[in-house]
Amino acid sequence: MIREANKNDLDEILQLYLYLHETSIPQDSKQLRDTWDNIINDTSHHIIVCESDGKIVASCVCVIIPNLTRGVRPYAFVENVVTHEDYRNKGYATDCLNYAKQIAEDKHCYKMMLLTGSKEESTLNFYRNAGYNSTDKTAFIQWIDM
């Protein structure tokens, strides 16, 4: 089942993010809870989850960004695409991306973008098969020290 996350999903999502790039779950804190409340209450921020057997096994984030160009149409940014390692190659992440695309279409976005740090050909092919390309734009990232 594909759906948007609800307030009760935080712990499962944080567990799933261990398969992304996290090495630990953030300590429960006011900052964590406030951030989660901001995300859940932001109508432009969509955390999409896929459940199998009542467990969240895949997810992605889709943020709709207002824009003054392209006929004042927004664009969508997809991030944190992840699948639990025991549930990979079953189409769950693809289902999440398709749900994100439907949100972007419903919001009249003119494009969707995502970044991946992976150099694995299988991961890059996964995104290509989902309809993304790596030829139209060049991404630059500047990391901010903490």
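It should be emphasised that the depicted structure is a prediction, and the values quoted were computed from it without experimental measurement.

**Observations regarding the overall build of the protein chain**
From N to C terminus, the protein chain includes 4 helices and 5 strands. Mapped from its N terminus to its C terminus, the protein chain presents α and β elements in the order β-α-α-β-β-β-α-β-α. Against the 2.2 N^0.38 benchmark of 15 Å for 146 residues, the protein chain shows a C-alpha radius of gyration of 16 Å, consistent with a compact globule. Based on the C-alpha atoms only, the size of the protein chain along its principal axes is roughly 40 × 35 × 35 Å. Out of the 146 residues in the protein chain, the part that is buried amounts to 33%. Across the protein chain, every contact between residues at least 6 apart in sequence was considered, and the portion connecting residues at least 24 apart equals 61%. Total accessible area on the protein chain stands at roughly 9,900 Å², and carbon and sulfur atoms take up 49% of it. Of note, the protein chain has its 15 positive side-chain charges centred 7 Å away from the centre of its 21 negative side-chain charges.

**Focus on the side chain of S52**
Tracing the sequence through the fold places S52 in strand β2 (residues 45–52). A polar contact is formed between the side chain of S52 and the side chain of Y92, at a distance of 3.5 Å. Not counting residues within four places of it along the chain, the set of residues in contact with S52 comprises V57, Y87 and Y92.

**Quick notes on helix α3 (residues 92–106)**
For α3, which comprises 15 residues, the first-to-last C-alpha distance of 21 Å matches the rise-based estimate of 21 Å (1.5 Å per residue) to within 8%. Residues of α3 that are buried include every one of Y92, A93, C96, L97, A100, I103 and A104, and no others. The arc that holds every buried residue of α3, seen down its axis, measures 140°, which confines them to one face. On the buried face of α3, the contacting elements are β1 (2–4), β2, β3 (55–65), β4 (75–83), β5 (112–114) and α4 (121–129). Among the residues trailing α3, H108 stands out with phi positive, at a value near 65°.

**Concerning the layout of surface pockets**
In this approach the atoms are scanned with a rolling probe the size of a water molecule, which exposes any empty space left behind. Computed from the structure, the largest pocket encloses a volume of approximately 1,700 Å³. Along the wall of the largest pocket there are 49 residues; nearest its centre are L114, L115, T116, T123 and Y127. Those elements that place two or more of their residues in the lining of the largest pocket are β4, α3, β5 and α4. The dominant element in the lining of the largest pocket, judged by the number of residues it contributes, is β4, at 7 residues.

**Quick word on the nonpolar core**
Of all hydrophobic cores here, the largest spans 22 residues; its most connected members are I48, C60, V78, V81 and L97. At the level of elements, β2, β3, β4 and α3 are the ones that each hand at least two residues to this core. Filtering out sequence-adjacent residues up to four positions away, I48 remains in contact with I2, R3, E4, A58, S59, C60, C62, C96, Y99, A100 and I103. L14, L32, V49 and I56 belong to the second largest nonpolar core, which has 14 residues in total.

Reading the values: rules and limits
- Residues numbered from 1 in each chain as written.
- Predicted model: local features only at pLDDT ≥ 70, side-chain atom pairs only at ≥ 80, totals over all residues.
- Heavy atoms only, no water.
- Helix = DSSP H or I, 4+ residues; strand = E, 2+ residues; numbered from the N terminus.
- Rg over C-alpha atoms; globule rule 2.2 N^0.38 Å.
- Buried < 20%, exposed > 50% of the residue type's maximum accessible area, 1.4 Å probe, protein only.
- Contact = heavy atoms within 4.5 Å.
- Areas by Shrake-Rupley, 256 points an atom, 1.4 Å probe, with all protein chains shown as cover.
- Lys, Arg positive; Asp, Glu negative; His and termini not counted.
- Charge placed at Lys NZ, Arg CZ, Asp CG, Glu CD.
- Polar contact = N/O pair within 3.5 Å; in protein donor to acceptor, adjacent residues only side chain to side chain.
- Expected span 1.5 Å × (residues − 1).
- Arc of directions from axis to C-beta.
- 1 Å grid on protein atoms, 1.4 Å probe; cavity = no way out; pocket = protein on both sides within 12 Å on 5 of 7 lines; lining within 4 Å.
- Points joined across faces, edges and corners; volume = space filled by probe spheres on them.
- Core = buried A, V, L, I, M, F, W, Y, C linked by side-chain atoms within 4.5 Å.

Any functional reading would require information that these geometric values do not contain.
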